[in-house]
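Survey of secondary and tertiary structure
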Amino acid sequence: MADVLKLTETRTASSTSAHALHYAHVVKDDLHDAPSPIAGSTKLLFVTSEMSDFVKAGGLGEVSTALPRQMRSYCDVRVLIPGFRQVRTARPVMEVVRQMPGTAELPPWSLGRFATADGLTIYTVLCDELYDRAGSPYGPFGGSDFPDNDIRFARLSLAAAEIAAGEADPNWKPDILHINDWPSGLTAGYLRWKDVSTPTILTIHNLAYQGLFEPGRMAALGIPDQAFSVDGAECHGMLSFLKAGIFYGSHVTTVSETYAREITTPEHGCGLDGLLRSRMKAGHLTGIVNGIDASWDTLIDGGATTEQVVRQWKRRNAAAIRKAFALPESRGPLFSIISRLVHQKGIDLSIEAAETIVAAGGQLVVKGQGESRLEDAVAHLAKRYPHAVAARIGFDDAEARRLFAASDFLLMPSRFEPCGLSQMYAQRAGALPIAYRTGGLVDTIEDGISGFLFSSLSGAGLSAAVRRALDAYRSKRAFKLMRGQAMSKRFDWRRPSFHYASVYARALDA
């Protein structure tokens, strides 16, 4: 079935609407010819707890694989990641740069170094007692967090600070650090407490996860008492790794412009909206929409395709998916849910809207895993409508790509979505996303042009958007224009990487 994905014909450029002409002009006026905001000799250390080359739990892993590679066109980039079992398995032999002592209750560690096949330098924090474990970066598979995550990620953060101080690698010292989410948030604090002036950029991928620990753990982590303050790492009586990154970092970014505004409000600020408002007012909070991997362009031969070829390609993929998921052939639209099955993603709303899809002659395929109650609800839905709904619990990237390629519409009613990647994948594959008007979904979906947005967060609100989608599907011309517009959009990393380089330049000049 993987062969079905291949699209072999190409087209000459054609506009599908006046809006398409306008958008094409915007894409043509890209930033790839603009001069670099930073010197090519700039040394950047990118610190992350996930990298999909080795291990990932979410979108951070995808970003950590793509963005550092893109930034190599601007500067000298190295990535720092914990020496997880998956990393050690992938590279059982690597150079040990230096052995480093422990601090407080943070154990000794060694700095490992190796290069990926495409030449990206990877540093690893080698400390098997912390990282040689089965599971995700944060906990056992299917379980809760590891009980010593404060030690595990304080070790990562302090290692980054020690590299920045020139203590871990005498031959390479970064000019700037890019840290990501709470697991490396303490890096900015350790730099301040060590009196190291290297600027630090913190990217918030999801503010809901803050790395909260009891204040009694500060001494074990080597954090000075005076840091437990509103002007420091204290957050509502707890020690917050993320708060440390926001407060002590030189600049804060997040993964869409809309989410940057949302997190300065009480509704979405997760208790940190006041600090984030002050950072935005000072010009130190920026939203930059993520890109997606270039393989989503090659999925459809670079996106240069005639409508006839696209239609035939979609039909072949839809037929293959229906066969794989034991659904009967149908001339109706194919909807999909490709997601973690968790409350944030609005799975309950999608289940409620399924009746509208089925009643209109559509079919729904669900692919994902997550909360057991939602997995059970999805399985029950498939049993209720065996000829119209199919579900497969679990996740497989290749099958997910085939489902994107097969679908006419993607349901994505996330209650909040800092950026989101699936809506971008869907548009590149010619599946129109149906999404709640929040976060990065607002910044990447043009309502009524490349997808559908709704504003009432309810099953009724989603069902109304589904009916709009069904109306467009019945109007072959409207659907053709929308699908063409969605597939013409580019979500590559060139523009985001330029904006990150600009943020680095501001921090270096401050």
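None of these values were measured; they are calculated from a predicted model.

1. Examining the packing of aromatic side chains
Within this structure, the stated rule accounts for 21 aromatic pairs. Residues Phe-409 and Phe-452 carry aromatic rings whose centres are separated by 6.4 Å and whose planes lie at 55° to one another, so their mutual orientation is tilted. One end of the pair, Phe-409, is in strand β16 (residues 409–412); the other, Phe-452, is in strand β18 (residues 452–454), with 43 residues separating them in the sequence. The exposure class assigned to Phe-409 is buried, which follows from its relative accessible area of 0%. We classify Phe-452 as buried; its relative accessible area is 3%. Taken together, the aromatic side chains of Tyr-138, Phe-153, Trp-182, Phe-213 and Phe-241 make up a single cluster linked through ring pairs. Over the ring of Phe-325 we find Arg-392, and its NZ or CZ is 4.2 Å from the ring centre.

2. Some remarks on the packing of helix α8 (residues 241–248) against helix α10 (residues 273–281)
Orientation of α8 relative to α10, taken along the N-to-C sense of each, is 20°, at an axis distance of 10 Å. Between α8 and α10, the interaxial angle falls into the category roughly parallel. For the pair α8 and α10, the sense of crossing is left-handed. On α10, the residues that touch Lys-243, Ile-246 and Phe-247 of α8 are Leu-275, Leu-276 and Arg-279. Broken down by class, the residue content of the contact of α8 with α10 amounts to four nonpolar, no polar and two charged.

3. With respect to the sheet that holds strand β17 (residues 432–436)
In spatial order, the strands read β15-β14-β13-β16-β17-β18; together these six strands make up an open sheet with parallel pairing. At either end of the open sheet lies a strand with only one pairing partner, and these are β15 (389–393) and β18. With strand direction ignored, the average angle separating the axes of adjacent strands in the sheet is 20°. In the packing of helix α13 (residues 347–359) onto the sheet, the strands contacted are β13 (334–338), β14 (363–368), β15 and β16, and the crossing angle to β13 comes to about 170°. Packed onto the sheet, helix α19 (residues 476–488) meets β16, β17 and β18 and runs at close to 85° relative to β17.

Calculation notes
Throughout this document, residue positions are counted from 1 along each chain, in the order its sequence is written. For this predicted model, a pLDDT threshold of at least 70 governs which residues receive local features, and a threshold of 80 or more governs which side-chain atom pairs are given and counted, while totals over whole chains, interfaces and linings are taken from all residues. Only heavy atoms go into the side-chain values, all of them from the structure, while hydrogens and water stay out. Between 30 and 60 degrees the pair is tilted, below 30 it is stacked and above 60 it is edge-to-face, where a pair is any two Phe, Tyr or Trp rings, Trp via its six-membered ring, whose centres lie within 6.5 Å. To qualify as a helix, a DSSP run of H or I must reach at least 4 residues; to qualify as a strand, a run of E must reach at least 2; elements of each kind are numbered from the N terminus. Per-residue accessibility, obtained with a 1.4 Å probe over protein chains only, is compared with the maximum for each type, and a residue is labelled buried under 20%, exposed over 50%, and partly exposed between these values. Whether a charge lies above a ring is judged from NZ of Lys or CZ of Arg, which has to be within 6 Å of the ring centre and within 35 degrees of the ring normal. Lines fitted to C-alpha atoms define the axes here, with helix axes fitted over just the stretch in contact, and angles between the N-to-C directions of these axes take values from 0 to 180 degrees. Here the word oblique covers every angle except those under 35 degrees (roughly parallel), over 145 (roughly antiparallel) and from 65 to 115 (roughly perpendicular). Take the far helix as your reference; a near helix turned counterclockwise from it by less than a right angle gives a left-handed crossing, and one turned clockwise gives a right-handed crossing. Only heavy atoms matter for contacts: two residues are in contact if any of them lie within 4.5 Å across the pair. Classification convention: Asp, Glu, Lys, Arg as charged; Ala, Val, Leu, Ile, Met, Phe, Trp, Tyr, Cys, Pro as nonpolar; all other residues, Gly among them, as polar. At least two bridges found by DSSP between two strands is the condition for calling them paired.

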